[in-house]
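Remarks on the overall topology
Spelled out from the first residue to the last, the chains are:
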Amino acid sequence: MNDSRSIRLHYLFRAAVLAAFALYILHLMQQDALHYYVAPALARWIRLCPVPLGLMALSLVIQALLGRSQVLCNCDHRLPAGFLKSTGLYGLFMLPLLLGFLLPDKALGSIAAAKKGISLTYSAMEPEKAIPGASTVPNKSITSAPTNRDTAVTFETTDPYAKEFAELAKLLYAQPVIPVYPAIYSETFGAIEMFKEQFEGKEIAVSGFVYRDQTVGTSGPFAVSRFLVQCCTADATPFGIMVDPQQKLTLPADSWVKVQGKLKVVSQGGKNLIEIEASQITPIAQPQTPYIYTSADSVAAWKALQKDAAKAK
Amino acid sequence: MTTLSPFKIVPLLLPAAFLIILLVLWLPERIELLDNVYMDTFKTSFVGILLEALPFVLAGALLSSLLQVFVPDEVLSRWIPKKPIPAILFACLLGVIFPVCECGMIPLVRRLIHKGMPVYVAIVFILSGPIINPVVYGATFMAFRSHPDLAYARMGLAFAVAFLIGLIVYVTVKKSPVRWSMERETGGNAHLHAARGGRLASVFVHTSDEFFDMGKYLIIGCLLTAGIQTFMIRESLSAIGGHPLGSYLFMMGLAFALSLCSTSDAFVASTFLHTFPAGSLIAFMVLGPMLDFKNAMMLMALFKTKFALYLFFLIAACVFVGSVLISVWL
């Protein structure tokens, strides 16, 4: 298919598709909705994309409108032949644009959490019994004598990789009510999980969305959860802490709540899990950034956040 | 040669225009039909995965076009060692200097092959590049903080598989397995410099060609992945985790279906640390970047179908055997 007119048409269509993609990204940036889809580190690169997309669209338009006919050639048969194939190709590219523009931007919720399987434990840190040949893995939680709660509770670990969590755990334990800051959410969760026996009985305040097992109704135990995103929604992993509401409450799934209560260790399915015996459950508005991300240095972040909190007071 | 004359498509244009107008007027009012929780989750997953891949595909396409326009054909063949073993080692190390995400890799490699890179070297690069680089090593190390041996195992297996497959392809494949459209491109060079706007404009035109070529496979891959993430339940399959060998196959299948980026799949794998044996997690982390819905489609674009299937089989077999062997050591 060497007809220069059809080549020009194709180029124009392509320019339109590319421009539409650029516009969509700009639209997401303007709505501040990019973070629903990708982690901030990646969002940086996506913000740059409209530039090459625009340049590509521009070049195509120039070729289509001003290019000399004998030069416009489809020798390498890159362009689809026939109306059906063309519609198929451009229709495929229109699909994400249609979905993107027509449907609202929402964060991932309970349905995605149910499909992915919510994590009630911070698995990378658990003592490994399931891994074969793991006899060399050091024991990570050395509990202090349970009777002496008043003497210093130690958070020790022989595992050098868990040092950060041990240090964070020390800082968290010193608080009368442990705040769970979104910036170090997963690390806080991990630290508490690692030393759950020591944290039993401590007060904690955490916010997240309500996740329920499909079989339970709208009242009863639920998990206060957040999605941990590393790269994009494909790897979003839901983390949650079980909450025992202590009272009959109707909370629809995916509603956002702030839970305050005492930490407990319960046994479920042969595993020890942390649970919050809630003394207070307040509905809140969905925060601007519903997802959580890993923090490079949770201890430093904690100190900075504490300082900000003190200043705010 | 058939030409797409506008008069031929008028009979189709009219009903198409009618349909479009109908959709535009009717759809916004009926949007609730689409706006349910499943569609929302599907859309969020789909757009998320697509956006995540977009910068890398654009970068790959751009790099490939720059190579096509500015680098003469013979330069590359001078750099690559002639003997197979050093050439394969060279390809494995390329990933360390060129940490391209697997999405952007295919257009770049297509260009490299055209510029003289032997096919077996290109394949080693495609397989090892997404895994053997400092970024992925760092991410794996972070996700498995308490198990650094898993990070080493991942790198080691990836290297071994890429090396082995490179050798096998070198020995067994004699005819070029690249799709015929690649061969024809030699004629295209003459047109490059005549584009309006000079060489820079032709770079962008070729980038757009690559983008549309690769993009269709990428979008199909993202649709499939998003569909799986929205409609398939994962935890019910944890019973398979107990199976000695079945768990390996399952994790490999999951890696194929999820099409995760090589920097984030380690974290997802770590959530399975208790339900699945370590060897199967290595299989997950090595197969994923080498072969998944997105990659498979793009490899089909690059290579002839028979060779592509042969390659898929080689990858799956080597990863399976390799990860079972490695689990003995872990």
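Please read all numbers here as calculations on a predicted model, not as lab measurements. Along each chain, numbering runs from 1 in the same order as the chain's sequence is written. Working convention: letters from A go to chains and numbers from 1 go to ligands, in the order in which they are written. Per-residue local features are limited, in this predicted model, to residues with pLDDT of at least 70; the limit for side-chain atom pairs, both in listing and counting, is 80 or more; totals at the level of whole chains, interfaces and linings are taken over all residues.

1. Some words on the overall build of chain A
The following threshold applies: For the purposes of this entry, the term helix denotes a DSSP run of H or I that reaches at least four residues, the term strand denotes a run of E that reaches at least two, and both are numbered from the N terminus. Neighbour counting defines burial: a residue surrounded by 20 or more other C-beta atoms within 10 Å of its own C-beta is buried, one with 12 or fewer is exposed, and intermediate counts give partly exposed, using backbone-placed C-beta atoms.
Of the regular secondary structure elements, chain A holds nine helices and six strands. Here chain A holds 313 residues, and 37% of them are scored as buried.

2. Here we look at the environment of Ala304 of chain A
Residue and element names in this part refer to chain A. Relative to the elements of secondary structure, Ala304 occurs in helix α9 (residues 298-312). Looking at Ala304, the number of C-beta atoms within 10 Å reads 14, which means it is partly exposed. Measuring from C-alpha to C-alpha, the distance between Ala304 and Ala113 comes to 31 Å, with 191 residues separating the pair along the chain.

3. Quick notes on unusual backbone geometry
Residue and element names in this part refer to chain A. For Asp32, which is not glycine, the phi dihedral falls at a positive 55°. Structurally, Asp32 is set in the loop between α1 (4-31) and α2 (40-48). A count of 11 C-beta atoms within 10 Å places Asp32 in the exposed class.

4. A look at the domain arrangement of chain A
Residue and element names in this part refer to chain A. Under the convention used in this document: Start and end points for every domain follow an automatic or database-based domain assignment. Contact between two residues is assigned when their C-beta atoms, built from the backbone, lie within 7 Å. When residue character is reported, Ala, Val, Leu, Ile, Met, Phe, Trp, Tyr, Cys and Pro are called nonpolar, Asp, Glu, Lys and Arg charged, and the others, Gly included, polar.
If you check the domain split of chain A, you get domain 1 (4-102) and domain 2 (110-312). The partner domain 2 presents eight residues to the six residues of domain 1 that form the contact. Residues of the side of domain 1 that touches domain 2, tallied by class, amount to five nonpolar, one polar and no charged.

5. A word on helix α8 (residues 134-143) of chain B
Residue and element names in this part refer to chain B. Rules: Note: the arc covers the axis-to-C-beta directions of the helix.
Turning to α8, its buried residues are Val136, Ala139, Thr140 and Ala143. Down the axis of α8, the buried set is contained in an arc of 100°. They therefore lie on one face. Turning to α8, the residues buried within the fold contact α9 (148-172), α14 (265-270) and α15 (278-290).

6. Observations concerning the pairing of strand β3 (residues 222-228) of chain A
Residue and element names in this part refer to chain A. Short version of the rule: Note on pairing: two strands pair once DSSP finds at least 2 bridges between them.
The buried count for β3 comes to seven of seven residues, which makes it a mostly enclosed element. Where strand β2 (residues 203-211) and β3 come together, three bridges link them in antiparallel fashion. Looking across to β3, one finds that Phe209 is bridged to Ser225. Pairing between β3 and strand β4 (residues 237-244): seven bridges, direction antiparallel. Counterpart to Val224 in the pairing with β4 is Ile241.

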